[in-house]
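# An overview of the molecular structure
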Amino acid sequence: QVQLVESGGGLVQAGDSLTLSCAVSGRTFRRYAMGWFRQAPGKEREFVAAITWTGGSTEYADSVKGRFTISRDNAKNTVYLQMNSLEPEDTAVYYCAADRTDWRTSQFVREYDYWGRGTQVTVSS
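Anyway, here's the lowdown on the structure attached to this text. (Residues numbered from 1 in each chain as written. Predicted model: local features only at pLDDT ≥ 70, side-chain atom pairs only at ≥ 80, totals over all residues. Heavy atoms only, no water.)

## A word on the overall build of the protein
- Check the secondary structure of the protein and you find 0 helices and 11 strands.
- Helices (α) and strands (β) of the protein occur, in sequence order from the N terminus, as β-β-β-β-β-β-β-β-β-β-β.
- Its C-alpha atoms give the protein a radius of gyration of 13 Å, within 12% of the compact-globule value 14 Å for 125 residues.
- Taking the principal axes of the C-alpha coordinates as reference, the protein spans close to 40 × 30 × 25 Å.
- Evaluated residue by residue, the protein yields a buried proportion of 43% over its 125 residues.
- For the protein, the proportion of contacts with a sequence separation of at least 24, taken over those separated by at least 6, is 58%.
- Counting only carbon and sulfur atoms, one obtains 45% of the accessible surface of the protein, whose full area is about 6500 Å². (Helix = DSSP H or I, 4+ residues; strand = E, 2+ residues; numbered from the N terminus. Rg over C-alpha atoms; globule rule 2.2 N^0.38 Å. Buried < 20%, exposed > 50% of the residue type's maximum accessible area, 1.4 Å probe, protein only. Contact = heavy atoms within 4.5 Å. Areas by Shrake-Rupley, 256 points an atom, 1.4 Å probe, with all protein chains shown as cover.)

Take a look at the structure:
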């Protein structure tokens, strides 16, 4: 079993920055691609960013491209999401997810095998 725990969320103002972390525990000897998703009230869960096991390939939603950066430290079993120039529209619960297909990124919720419980990000205008 794999456990994912997100942290780093909070209340910030528009234009501020925030870094989310996702700590992976359990079967960490296995290689996973990782993704970040978010879900705002009344909306479906949407893709934010993803990164392969090696970190050699990343993918971003158009809405965050140029503002958010996904990275990982496999020695620490942790994935990060650096969020800059935050906008009120970024307000959501942010989830990290692990995909056992480690060599490619995916935007699809169904491709991910394990999920964290989420961390709330609120951006005030």
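On we go.
## A short note on the state of the cysteines
- Throughout the structure, instances matching the rule amount to 1 disulfide.
- Put simply, Cys22 and Cys96 are joined by a disulfide, and their sulfur atoms are 2.0 Å apart. Across the disulfide from Cys22 to Cys96, rotation about the S-S bond amounts to roughly 50 degrees, and the bridge is consequently right-handed. Taken together, the residues Cys22 in strand 3 (residues 18-26) and Cys96 in strand 9 (residues 92-99) connect sequence positions 74 residues apart. (Disulfide = S-S within 2.5 Å.)

## Regarding the sheet that holds strand 7 (residues 68-73)
- Read across the sheet, 4 strands follow the order 1-3-8-7 without closing on themselves; strand pairing throughout is antiparallel. Edge positions in the sheet fall to strand 1 (2-7) and strand 7, since each has one partner strand and no second. The average angle at which neighbouring strand axes cross in this sheet is 15 degrees, direction not considered.
- Pairing between strand 7 and strand 8 (residues 78-83): 6 bridges, direction antiparallel. In the sheet register, Thr69 faces strand 8, and the bridge partner there is Gln82. (Pairing = 2+ DSSP bridges. Axes fitted to C-alpha atoms, helices over the stretch in contact; angles between N-to-C directions.)

## Notes on the pairing of strand 9
- By the criterion of burial, strand 9 is predominantly enclosed, with 7 of the 8 residues buried.
- Summarising the sheet, strand 9 and strand 11 (residues 119-124) pair through 3 bridges and their orientation is antiparallel. Looking at the pairing, Tyr94 lines up with Thr119 of strand 11.
- As judged from the 2 bridges shared by strand 9 and strand 10 (residues 114-115), these two strands associate in the antiparallel manner. In the strand pairing of strand 10, Ala98 is matched with Tyr114.

## Some thoughts on the pattern of salt bridges
- What the rule picks out here adds up to 9 salt bridges.
- For Asp62, the salt bridge is made with Lys65, and the minimal N-O distance between the two is 3.1 Å.
- On the basis of relative accessible area, Asp62 is assigned to the exposed category, the value being 66%.
- Ionic pairing is found between Arg67 and Glu87, a salt bridge with its closest N-O pair at 3.9 Å. On the criterion of sequence distance, the pair formed by Arg67 in the loop between strand 6 (58-60) and strand 7 and Glu87 in the loop between strand 8 and strand 9 is long-range, its members being 20 residues apart.
- For Glu87, a relative accessible area of 33% corresponds to the partly exposed category.
- One salt-bridge network, in which partners are shared between bridges, spans Arg38, Glu46, Arg67, Glu87 and Asp90. (Salt bridge = Lys/Arg side-chain N within 4 Å of Asp/Glu carboxyl O.)

## Overview of the environment of Ala61
- If you trace the backbone, Ala61 turns up in the loop between strand 6 and strand 7.
- Residue classification places Ala61 among the buried positions, given a relative accessible area of 13%.
- In sequence terms Ala61 and Met34 are 27 residues apart; their C-alpha atoms lie 14 Å from each other.
- Discounting chain neighbours no more than four positions away, the residues touching Ala61 are Phe47 and Val48.

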